[in-house]
Amino acid sequence: MELLYKIKDRLQQDSISYIEDNKTSVTKNNQKTLCTLNVIYFIVVFGYFCASLNVFSEWQVTRMYASAVILHAILLPAVLVRYKKKVRSYKEVSLVCRAFQLYVMTFAGIMSIVPVEMNQPAVYYMPMTVAFMVAFTYTFYQAMGLMLVEMAAYILASFLTKSIAVFSVDLFSCLFGVALAGYVAKILYSYRAREHEAKQRLRRMGMVDRLTSTYNKASTEFLCKEFMRSHPTSDCVMVIVDFDNFKTVNDTYGHQAGDAVLRSLGQILRHSMDTDDIAGRFGGDEFIMFLKEKDTAEAIKCVERVMEQTHAMRAPDGKQPFSCSIGMAVRCTKGDEMENYADLFARADRALYEVKRNGKNNFKIDS
């Protein structure tokens, strides 16, 4: 039992994560499915109405099918007009999809009982319930909740209107439907979670430098610019880190040792700042640290940690100490506006050049 609770909680969290990260596409797919199923439902109900005039006219259900056709002939244009082209909010679409599902299953439940005197078990109700499990994208709890409400309502209606023998068949069918729907949901939501994780992994691979596990140049520039655009008045600090004499490391100890040094430096940068800050490799032995909402004093402490840990690194023979040169620039105003990314980077780069020209192994803040 505890294992089942863990599974359902994990599926719920995975489904929430999937929807949150794919909200636009989920909304579009739900809208498309909503429009398609509304058209299919109208065709099916109209077909049964026509059949009720000839094939099974003795069942006396023509009036009910006619009412369903008229009702849906009114609802269908409203659904198509609102959801066919323009993308609505996820909350609205999800609510309408759930309402449509309950609306269809209510009619299916009625037609599985009427006419009462036939006293026949339901044929289509359980398969339709399972089908809706995969038709729309809900959270796991929403999908299972709808299914349980539908099954419970039908079991109660069957108990009140059918003989014990037929009710027993319906009860078994619904219980089997619950188990089948739960299994289908587990497979479906687990697949979505794996798909989502794979996409996230591919996205990270496209953004991250594989050697150092820091962002690559394009991602670093994008993330820095995005922060500066979305936080036009926030302080931030651009830090450019250049590993001193890296060519000598490669020439003396080989490229594998050089790669190990870069990996270690990337780890030092990531561990020297907050998780919300940005560490990126601009190429070769040059790295960027973008410190969000930090003042000069906080930035200096971060840089001092980097330099201290870089000095603690050693070459494979344990003899050569390493160092780095660092240029810094604190975002400032230019006229009536805060400076942009290009200007901030240029100032940090200028400070780095000054450090390298004056002997390396130091840091400087451009003022």
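Computed from a predicted model, the values in this text were never measured in an experiment. (Residues numbered from 1 in each chain as written. Predicted model: local features only at pLDDT ≥ 70, side-chain atom pairs only at ≥ 80, totals over all residues. Heavy atoms only, no water.)

K.L.:
Where do I start with the side chain of Gln-12 in this structure?
P.N.:
Relative to the helices and strands, Gln-12 resides in helix H1 (residues 2-21). A residue is classified by how much of its surface remains accessible, and Gln-12, at 10% relative accessible area, is buried. Of note is the side chain of Gln-12, whose polar atom sits 2.9 Å from the backbone nitrogen of Tyr-141. Those residues in contact with Gln-12 that sit more than four places away from it in its chain are Thr-139, Phe-140 and Tyr-141. (Helix = DSSP H or I, 4+ residues; strand = E, 2+ residues; numbered from the N terminus. Buried < 20%, exposed > 50% of the residue type's maximum accessible area, 1.4 Å probe, protein only. Polar contact = N/O pair within 3.5 Å; in protein donor to acceptor, adjacent residues only side chain to side chain. Contact = heavy atoms within 4.5 Å.)

K.L.:
How do you make sense of the pattern of salt bridges when you look at a structure like this?
P.N.:
Pairs may arise between side chains of opposite charge once their charged atoms sit close together. Summed over all chains, the structure comprises 13 salt bridges. A salt bridge links Asp-251 to Lys-247; the nearest nitrogen and oxygen atoms lie 2.8 Å apart. Remark: Lys-247 and Asp-251 occur in helix H9 (residues 246-253); sequence separation between them is four residues, near one turn of the helix. Of the two residues, Asp-251 and Lys-247, neither departs from the other in class, the shared state being exposed. Notably, a salt bridge pairs Asp-366 with Arg-350, separated by 3.3 Å at the nearest N-O pair. Note that Asp-366 is positioned in strand E7 (residues 363-366) and Arg-350 in helix H12 (residues 341-357), a separation of 16 residues in sequence. The network of salt bridges with shared partners includes Glu-339, Arg-347, Arg-350 and Asp-366. (Salt bridge = Lys/Arg side-chain N within 4 Å of Asp/Glu carboxyl O.)

K.L.:
Help me understand the sheet that holds strand E4 (residues 324-330) in this model?
P.N.:
The strands making up a sheet associate through hydrogen bonds between their backbones, and the pairing can be parallel or antiparallel. Pairing is mixed across the open sheet formed by five strands, whose spatial order is E2-E3-E1-E4-E7. Each of the sheet's edge strands pairs with one partner strand only, and the pair in question is strand E2 (278-283) and E7. Neighbour-to-neighbour, the strand axes of this sheet turn through a mean angle of 20°, independent of strand direction. Pairing of strand E1 (residues 236-243) with strand E3 (residues 286-292) involves seven bridges; the strand directions are antiparallel. Looking at the pairing, Cys-236 lines up with Lys-292 of E3. Sheet strands in contact with H12 are E1, E2, E3, E4 and E7, and its direction is about 145° off that of E4. (Pairing = 2+ DSSP bridges. Axes fitted to C-alpha atoms, helices over the stretch in contact; angles between N-to-C directions.)

K.L.:
So what exactly am I meant to see when it comes to the environment of Lys-217 here?
P.N.:
Summarising the element assignment, Lys-217 is placed in helix H8 (residues 217-230). When its relative accessible area of 41% is taken as the criterion, Lys-217 is described as partly exposed. The spacing of Lys-217 and Tyr-48 is 169 residues in sequence and 62 Å in space, taken between C-alpha atoms. With near-sequence residues (within four places) excluded, Lys-217 lies in contact with Arg-281 and Phe-282.

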